[in-house]
Amino acid sequence: VVMLICMRALSKVGTARITADARITTYALIRGVGSQLTVYPASPSRNVIFNVSRTVATGVNTGVAIANVSGQPAQIAIRLHRESGDEVARIDRSLAAGEQLSRFIHQLFTDLENSDFNGTVTIRASQQLAVAALAFDSSGVVTIPVATIE
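The sections below set out a description of the structure shown in this document. (Residues numbered from 1 in each chain as written. Predicted model: local features only at pLDDT ≥ 70, side-chain atom pairs only at ≥ 80, totals over all residues. Heavy atoms only, no water.)

## What about the overall build of the protein?
- In terms of regular secondary structure, the protein is built from one helix and 11 strands.
- What you see in the protein, going N to C, is helices and strands ordered as β-β-β-β-β-β-β-β-α-β-β-β.
- The buried share among the 150 residues of the protein stands at 31%.
- Sequence separation of 24 or more characterises 69% of the internal contacts of the protein that already satisfy a separation of 6 or more.
- For the protein, the exposed surface amounts to about 9,700 Å²; the carbon and sulfur share of it is 50%. (Helix = DSSP H or I, 4+ residues; strand = E, 2+ residues; numbered from the N terminus. Buried < 20%, exposed > 50% of the residue type's maximum accessible area, 1.4 Å probe, protein only. Contact = heavy atoms within 4.5 Å. Areas by Shrake-Rupley, 256 points an atom, 1.4 Å probe, with all protein chains shown as cover.)

## Some remarks on the packing of aromatic side chains
- Applying the stated criterion across every chain, the model contains one aromatic pair.
- Each ring, one from Phe104 and one from Phe136, has its centre 5.3 Å from the other, and the planes form 70 degrees; the classification is edge-to-face. Note that Phe104 is positioned in strand β8 (residues 100-104) and Phe136 in strand β9 (residues 117-137), a separation of 32 residues in sequence.
- A residue is classified by how much of its surface remains accessible, and Phe104, at 30% relative accessible area, is partly exposed. (Phe/Tyr/Trp six-rings, centres within 6.5 Å; stacked < 30°, edge-to-face > 60°.)

## Let's talk about the nonpolar core
- Formed by 23 residues in total, the largest nonpolar core has its most connected members in Phe50, Ile66, Val121, Ile123 and Leu129.
- Of all the elements in the fold, those that place two or more residues in this core are β4 (45-54), β5 (61-68), β6 (74-82), α1 (105-108) and β9.
- The greatest single-element share of this core, amounting to seven residues, is contributed by β9.
- Not counting chain neighbours up to four residues away, the residues in contact with Ile66 comprise Ile78, Leu95, Glu99, Gln100, Leu101, Ile123, Leu129, Ala130 and Val131. (Core = buried A, V, L, I, M, F, W, Y, C linked by side-chain atoms within 4.5 Å.)

## What to know about the side chain of Ser45
- Here Ser45 shows up in strand β4.
- A residue is classified by how much of its surface remains accessible, and Ser45, at 6% relative accessible area, is buried.
- Of note is the side chain of Ser45, whose polar atom sits 3.2 Å from the backbone oxygen of Asn47.
- Among residues more than four places away in sequence, those in contact with Ser45 are Gln127, Gln128, Leu129 and Thr148. (Polar contact = N/O pair within 3.5 Å; in protein donor to acceptor, adjacent residues only side chain to side chain.)

Here's what the structure looks like:
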């Protein structure tokens, strides 16, 4: 794996180029001060999975942004799974063409309001979605890999 990082010192803007001779999954660690945060482009997909974590005492949390990038309404099923793979909760809803939904995981699944949790979320949709997931803790924000599934 070869990685090239280019940063402009004054503007704190940069790019990274990664090349490999095998398929790899990557994510970026983003740290900063203030209200600016960059989330990398999400590849449209109908079915995705990503890790989630919530620890009430330390403020660890996962946020998700879901956008319907199609020209048609999308029926979506958002499922919360324990680390064992067992489904804990499910939300079925629709997103209009171009509509987006952004929430912390405990806002989507209100049973987690005062609970710690580690597991995964799967999202299955009738139309193409763009999904971004972010992990928040006291040290910063990390983009979480969102993987396409069958």
